Each structure stands twice: as C-alpha cells, then as structure tokens.
Amino acid sequence: MPGERLSVRGASEVGRYPGAAPPTRVEVSIHKDGEKKQEEGACRRWFRKMCPCCCKRQATMSVDVTDKVELVKPPVPVVEPSKPKLENGDSKEMEELKLSVCSVDLLSDKAGQNRQEHHTDLYHGNELIIRRGQTFQMEMELNRPFNAENHKMHIDLKTGPLPLVSKGTHVIIPLVDQLEDERWEAKIVEQDGNKIKLSVNSPVNAVVGLYGLTVTTSTLKGDHPNTFNPNKNVVMLFNPWCEDDSVFLDDDEERKEYVLNDTGRIYYGTEKQIGARTWNFGQFHEGILEACLFILEKSDMPPSGRWDPVNVVRVISAMINAQDDLGVLVGNWSGNYADGVSPSAWSSSVEILKKYHSSNGTPVCYGQCWVFSGVTTTVLRCLGIPARSVTNFQSAHDTDVSLTTDVYLDESMDPIDYLNSDSVWNFHVWNDCWMARPDLPPGHGGWQAVDSTPQETSQGTFRCGPASVNAIRLGQVYLKHDTPFVFAEVNSDKIYWQRNVDGTFSQIYSEKKAVGHCISTKAVGSDERADITHLYKHQEGSEEERIAVETASRYGSKPDVYSAPMAEDVSVEVKMEGEGPRMGADAKLNILVKNLSSQPRRTMLHSQAAVMYYTGVLKGTIKKEQLPVELLPNEEKTIEWVLPYQQYQNQLVDQAALMLTLSGRVNETQQVLANQTTFRLRTPDLNVTPLGDAVVGKEMAAKITFTNPLPRTLKEVVFRVEGLGLQKGHEVVVGDVGGLATVTLTEHFIPSQPGPRKLVASLDCRQLTQVHGVADIIVLEK
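Owing to the predicted nature of the structure, the values given are computational and were not obtained by experimental measurement.

Quick look at the overall build of the chain now. Of the regular secondary structure elements, the chain holds 13 helices and 41 strands. Scored against the burial criterion, the 782 residues of the chain give a buried share of 53%. A separation threshold of at least 6 residues defines the contact pool for the chain, and within that pool the share at least 24 residues apart is 68%. Accessible surface, the chain as shown: approximately 35600 Å² in total, 50% of it carbon and sulfur.

Below you can see the structure in the form of structure tokens.
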C-alpha cells in the first residue's frame, strides 16, 4: 500500500524477524543487600509445583527498587548413554562391527568437480562453496568397509547460533538408495575398501549461509553413535542455474553478466550528458564472501529466513546503509568528507566491504547513491542473486506519498521553500535483482527494484524494495514492497500549485514528462549503455502511460489531482548543443519558445540558475534575470542563455550540477509556463594507456595522464588505482596541480590472473569530482 513506507516497524515486519530465544535463561533476583532470603518449605514447594495457580510465590518487594540482576546459565544435564546389555559372546562382535570416520574430503578445490559444476570456481579460496538444489560430491575414509546391512550413517549440517531441525537450520541428511529432488539426501556412488564417495542432494529452498558439517556413524545393533567433526565448513548460495530456484535466470549470457561478471558500469550526470564510470564489484575477491555472510549475520534476520530471496534482498537493502542499523556505508551529501573518503573517489566495492568486515561492523565513510548501488550489486551477486546497477535520470523523490512531485508557489509565483520538500535528483542509482515473486499476483516476477540509499523509511527502517518493475510499469502501487515510492521516482507528474489569497492552493500547471528519463544499465556482454526505460514505464504520453499514472494516483494522498486538464498553446524548452558545457568555460544553453496558436502571444520569462547537489537539493542561486518574449502567430524563437565561468567557478559542489528554472505567464491567456532543466559541467577523463605485454607473472606498466581543465590550481590531488587480477587498490598522492597543467603517472604491476581485465583510475580533489578512466587489458597465460 502507498502508506507502507511510513508505517512503524513492528515484530511482524516483512524481512525482519523477531529474535530467536537466547541460549541462556535470564533469572532476575530482586533483593536488598543484607536482606535475608525467606526459605520455602519442602511441602510448599511440592504443592506449588503440583498446582502453581493456587500457590503463587509472592514477590518480596516492588520491581521499582531492583538492586541486582543476575544472568544465570541453566545447568547442562549430563546424560549417560544407555549402553545395550551384551551377552558374553556379543561384545567382541560389536567391537568388530563398530564404524567410525577417519577423514572427510569435501572435494572443494577450485578446479574440482564441485566448484566447477556449481559455478563457484571463481570464488577465492578452497572451501566448499555450493549452490542449492544441486548435488555435490564428498569422500570419506572409514576405519572399515561400510556395510549397509550392519552400519548406519547420516550427515549433519548446522547454521546459525541456535540450529533447529524445525527451522531448516539443522539439516539431517540420511543415506538413501536413490536420490530424489527437493530434499536433503545422500547416496554412496563409489566404494573402494574403506573409502566411499557420496553424492549429496539439497532442496531448492535450502537456507543460504555458512554451515558446519559433522558425520555420525553407528551399527544397526544399537551401539553408541560416533560423531566425527572434520572442522570444515560448507557455504550454500542461491542458484540461478537451477530452474526450480526462485532466482533462476533462463539465459546463459545474462547469468554471466548479472552473476559472474565482477566489473561493470555505473551511469551518472544528466539525461543529456550521461557519464559512465567503471566499477569493480569484485564479488569473488578474497574476503568478500566472508564479508557478505558477515552482513547477513549482523542483520537481525535469523538464519531460518534466509531461504527466501525476497527477505534476503530486503535485509541487504537495509544493511548496506548505516542509517539505523550500523550497516556498511554512511551516507554523506554535505561536500565535507575530511574524516573519510569522498564518495566520488571510490571505484570498487572490495575495499569498502573488507574494511567493514575487518572492523567488526564499523560503518565505512562515505557513500552516495552510486556507491550504495555498487556495493549492493556486489553482495547480491556474491550470494547468487542476479543483480545490476540501474540509473534513473530526473529521478523524483516523493516525500508525502502523493505520487506526484509537487512545487508550491506563492501569490507572486516565487517558490515557497518550506513547502517544497519534494525534489528531482539529476540522477539516482539503485538496483534491479531477478527473482520470482510467488507472494504477488502472477506476472510480477522478473526484475525487482531495490534501493539501499537511505531516503525514506519502509516499515520503520531505511530500505526500499524489492518492488516488481512490472507493477511499477502498470501503476499497481498497491503491491509490495515500496512500489509507490519507486513509481513516483520514474513516472510521477510534476504539479505546480499557487497559493490563493485565502491561503488555499490551486493547481495551475502540470508537467507530464518531467521525471524518469533514460533509465540505464550496462548492456549484457559489452560496456555499452542499455536504455531500459521501457521496462519501468510505457512510452511517455501514450494512453497506457497515462492510465498507469492515473491508476497509481488513486492510491496516493491527492487522488483528485487529474480532474481538470488545461489547454496549452505556448511551450518552452531548453536545448543543449553537443555534449554540453565543459568545466572551465562559459556555460551556454538555448531556450526555445513556441507559439502554436494563430494569435500573437507575449510573456515575461523569469530565469534563475542555481548550483545544486545531484539529489535535487539546491545550494544557492548564482544568476537571475527576466527575459521578455513576444511571439507572432505560429512563431518559434531561440534565446541564447549564458552563464559566465566567473559566476560559477567558486560555487560548485559535487557533480558540478546546476539547475535552470524558467517560469512565466502568457498575458493573453494566463497560461502558466514552467520548465526546470538540470545540466552539469563536463569534466575531463583520465587517459589510461597500458605499456608492454600483459602476461601473468610478468611486470608491465600503465601510463595515466590528466590535464587540469581549470585556469586555477587544484589542491591536494590524489589518484586511486585498482585492477582486479592486476594490482590491489591503492592511493597515489600527487599534491597540487597548476591551472591547465598536465600530470602523467606511470603504474608498474604484475598481473596475477589471465583473461580480460580492467585497470580503473580515479582522481579525488575538492575542486573537481567525477574524473576517472579505465583501460581494458587482456592478460595472457605465462
């Protein structure tokens, strides 16, 4: 429901489970120091035990004067194993039949059958990492040959602090003659003397996470069971290759992209100036799987809930931000990052996740939306859930569940700042993840929107999704989770309201194509940009798109907003030449005004240029002017608008973004004209050029070149360089770079992994952000 994001978190909230009973009992002893405790007679104790309702123990004092609280662990009962009574002739026979395990081999080598068949051979290390709903192999050496007529054996897998069979966190795997799907089973497939090989099957709804493994053996004659602990763990992941798993993705190329690809592209900027940066997801890097499992452990979702990808994604969405649960990243949009790392300086999830894990859960500083999204992609792909980073340009932030983006003006057409809480971000990055949605009506599986950037609360926690992208497209905002919020981001109309003399507001104008443009993600199998706007909304202005908007609005807080459409015969829009203005030069735009009527029209356009954060929050106005416009019947006019470099050079914030607002009223018809255009000042790229042959184990180099586009000095410039399989991420302190000066840096490194690799570099300084570059390097085997 639309109100879902504003409700208060309770014990029954979806995706967050009430805590399991602790393994210790809490006994509260209330007494004053020196007070003698009254003893209870044996008869009374017996009577109270038989009939507690008739013989309640009386409290000795009020809880308000508690002096002492004691935590007492319950006594552990010592259970003597019941040994069978043996006849004199049976003792020797029992000893000869007794079976025990000498060793267990989980066949977990990266190049082995298990890791290859389960598509987990890219993960670092040689632990057994498997995917649910698929068989895996293991070998055992016993003290004597296994004989099914005399011996019994089963495997135990346990996960979480309180494993329970009823919750699926304690799994007992029996030996069977034939394996069947959808259940935990094991079958002996090879036997050679004392050695056996088992094929073990798991169900498609197995709990995901880290399991401890033991093997228990006994004889059919009832001797005391013998349990062997090999001190080896098993990691269970979701399985997008298994058609019965709810995250199944039926396209091999898409699985390679959305599960196995450890690098990607994240888009930013404005719809007319789309920038792209390479991001190292690094889901297979050393320590990342451990960090992802640590995040699950740190959340308050018990292991029993980890079988359902809807729950897992919802929890990950909350845990990637640190807003209310000490999650991975602290959001910071202030421009001051002195006590952390500037969000634009990150180019990889690896350092962030490893830092969070190694600090035992201390949030990392700092992130903004693309960082939250990049880390979310890493965690979801690492756990086996297909995922991608998605950028929405002109992304609305609806704060009052109206499903419209509202702009309030006073009697003089000036904005009323304290009422204008809705905003439109230049761009916003979130994630799509792929899964079935059996909790929704048919047809709503597939891509689901999930957002880890803390914007609004959902059931009391800063998180968003998963929301069915198909439900968003159709305006079905009554379907969970957080569909109204994402719908408003991509398809809300911008409604202008003017205050009347009596204090009420009237709707004076609506922009139907103001938000949700050029929704972008990296294409499958290439570094090209794929436009997926059509997945989130019907074509702008089509009958289907208008029906979706009006369907959604009925569930918002302003259901009557579309009752009175207005006629229009004058239009105003802003156009940009080429890739738009560049940093360090005057910014030039063209304002195009059209008269579509057969009568002359006159208006006064009020223009206002403001520096803005990419989130849509304005820092301050830097230029205002009035532009008189007179139009003949059916005439078009182009007005050149210029913002000199001197007016913005000391005013910019992150992303170098600005907003041009135009407003006016046509004299003859009283038609309101309104337009808001965001643009950014383009920054140069880093030029990364490989030097020498790229061969595993052989030193090579790369040259990184940067030219300062500004006529002033850049202070405290730092380069960050990283390449998965090439070299570890590190910083290179460059210092000050003079105006229009060129810096060249040569990096020397030894590739460690063959195949296509990317060397990513970024520049970090306060005066210039979003400067980065990448080189594609194909590394050959030694």
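With that settled, the discussion passes to the sheet that holds strand 25 (residues 505–511). Read from one edge of the open sheet, three strands run 18-24-25, paired in mixed fashion. The outermost strands of the open sheet, each flanked by one partner alone, are strand 18 (405–409) and strand 25. Within this sheet the neighbouring strands show an average axis-to-axis angle of 25°, counted without direction. Taken together, the five bridges between strand 18 and strand 24 (residues 494–499) define a ladder with parallel strand orientation. Counted as the bridge partner of Val407 is Tyr496 from strand 24.

We now examine the sheet that holds strand 36 (residues 700–707). With respect to topology, three strands assemble into an open sheet ordered 35-36-39, the strand pairing being antiparallel. Single-partner strands in this sheet number two, and they are strand 35 (687–691) and strand 39 (742–749). With strand direction ignored, the average angle separating the axes of adjacent strands in the sheet is 20°. Bridging between strand 35 and strand 36 involves five bridges; their strand directions are antiparallel. By the bridge assignment, Thr689 is partnered in strand 36 with Lys703.

What follows covers the environment of Glu568. Note on placement: Glu568 falls in the loop between helix 12 (543–553) and strand 28 (570–575). When its relative accessible area of 48% is taken as the criterion, Glu568 is described as partly exposed. It is 9.9 Å that separates the C-alpha atoms of Glu568 and Tyr509, two residues lying 59 residues apart in sequence.

Right, let's get into the environment of Thr483. Within the fold, Thr483 resides in helix 10 (residues 483–491). Assessed through its relative accessible area of 0%, Thr483 is described here as buried. C-alpha separation for the pair Thr483 and Val469, spaced 14 residues apart in sequence, amounts to 8.4 Å. Once residues within four sequence positions are removed from consideration, Thr483 is found in contact with Ala467, Ala471, Ile472, Gln476 and Val477.

For helix 7 (residues 350–358), the complete set of buried residues consists of Val350, Ile352, Leu353 and Tyr356. Directly after helix 7, the chain includes Asn360, whose backbone phi takes a positive value near 60°.

Taken together, Asp181, Glu182, Glu243, Asp244, Asp250 and Asp251 make up a surface patch of like negative charges. Positionally, Asp181 belongs in the loop between strand 7 (170–174) and strand 8 (185–192).

A few words now on the pairing of strand 16 (residues 364–367). As defined by bridge partners, strand 15 (residues 329–331) adjoins strand 16 across three bridges and the pair is classed as parallel. If you follow Leu329 over to strand 16, its bridge partner there is Val364.

Below, the discussion takes up unusual backbone geometry. The amide bond that connects Cys365 to the next residue, Tyr366, takes the cis arrangement and shows omega of 5°. Mapping Tyr366 onto the fold places it in strand 16. With an omega of 5°, the peptide bond running from Gly465 to Pro466 counts as cis. Along the chain, the position of Pro466 falls in strand 23 (residues 464–468). A positive phi angle, close to 55°, is found at Val401, a residue other than glycine. Residue class for Val401 comes out buried when judged on its relative accessible area of 16%.

Another point: the nonpolar core. Ranked by internal contacts, the top residues of the largest apolar core, which has 59 residues, are Ile591, Val593 and Phe719. Take this core: its biggest share by element is five residues, from strand 41 (residues 768–779). Excluding residues within four positions of it along the chain, Ile591 makes contact with Val572, Glu573, Val574, Leu605, Leu627, Lys637, Thr638, Ile639, Trp641 and Leu662.

Per the counting criterion, the structure on display carries 29 salt bridges. For Asp527, the salt bridge goes to Lys758, with nearest N and O atoms at 2.6 Å. You can see Asp527 sitting in the loop between strand 26 (517–522) and strand 27 (529–531) and its partner Lys758 sitting in strand 40 (residues 755–765), a full 231 residues away along the chain. Judged by relative accessible area, Asp527 falls into the partly exposed class, the value being 29%. Here the salt bridges share partners, and the residues they tie into one network are Asp252, Glu253, Arg255 and Lys256.

With that settled, consider the packing of helix 5 (residues 288–298) against helix 6 (residues 309–319). In the contact formed by helix 5 and helix 6, the axes pass within 10 Å of each other and the chain directions differ by 95°. By the criterion of interaxial angle, the relationship of helix 5 to helix 6 is roughly perpendicular. Residues Ile295, Leu296 and Lys298 of helix 5 touch helix 6, and the partners they reach there are Val312, Ile316 and Met319. Class assignment for the residues of the contact of helix 5 with helix 6 results in five nonpolar, no polar and one charged.

Below, the discussion takes up the packing of aromatic side chains. Throughout the structure, instances matching the rule amount to 15 aromatic pairs. Ring geometry for Tyr408 versus Trp497: centroids 6.4 Å apart, planes at 20°, classification stacked. A residue pair is termed long-range when its members are at least 10 positions apart, and Tyr408 in strand 18 and Trp497 in strand 24 qualify at 89 residues. The exposure class of Tyr408 is buried, given its relative accessible area of 13%. Classification of Trp497 by relative accessible area gives buried; the value is 13%. Where Tyr478 meets Tyr555, the ring centres are 5.1 Å apart and the plane angle is 50°; that geometry is what we call tilted. Here the residue Tyr478 occupies a position in the loop between helix 9 (469–474) and helix 10, and Tyr555 occupies one in the loop between helix 12 and strand 28, the gap between them amounting to 77 residues. You can call Tyr478 partly exposed: its relative accessible area is 32%. Aromatic ring contacts, followed pair by pair, group Tyr258, Trp434 and Trp447 into a single cluster.

We now examine the confidence of the model for the chain. This prediction gives the chain a mean pLDDT of 85; 86% of its residues lie at or above 70. Model confidence for the chain, summarised as mean pLDDT per element, is weakest for strand 1 (residues 26–27) at 32 and strongest for helix 8 (residues 369–383) at 98. Scored below 50 in pLDDT, residues 46–50 shows four contacts in the model against residues more than four places distant or in partner chains. Scored below 50 in pLDDT, residues 52–86 makes 29 contacts in the model with residues more than four places away or belonging to other chains.

Conventions adopted
Residues numbered from 1 in each chain as written. Predicted model: local features only at pLDDT ≥ 70, side-chain atom pairs only at ≥ 80, totals over all residues. Heavy atoms only, no water. Helix = DSSP H or I, 4+ residues; strand = E, 2+ residues; numbered from the N terminus. Buried < 20%, exposed > 50% of the residue type's maximum accessible area, 1.4 Å probe, protein only. Contact = heavy atoms within 4.5 Å. Areas by Shrake-Rupley, 256 points an atom, 1.4 Å probe, with all protein chains shown as cover. Pairing = 2+ DSSP bridges. Axes fitted to C-alpha atoms, helices over the stretch in contact; angles between N-to-C directions. Patch = residues over 30% accessible without salt bridge, like charges linked within 9 Å, V, L, I, M, F, W, Y side chains within 5 Å. Salt bridge = Lys/Arg side-chain N within 4 Å of Asp/Glu carboxyl O. Lys, Arg positive; Asp, Glu negative; His and termini not counted. Charge placed at Lys NZ, Arg CZ, Asp CG, Glu CD. Core = buried A, V, L, I, M, F, W, Y, C linked by side-chain atoms within 4.5 Å. Parallel < 35°, antiparallel > 145°, perpendicular 65-115°, else oblique. Nonpolar A, V, L, I, M, F, W, Y, C, P; charged D, E, K, R; others polar. Phe/Tyr/Trp six-rings, centres within 6.5 Å; stacked < 30°, edge-to-face > 60°. pLDDT = per-residue confidence, 0-100.

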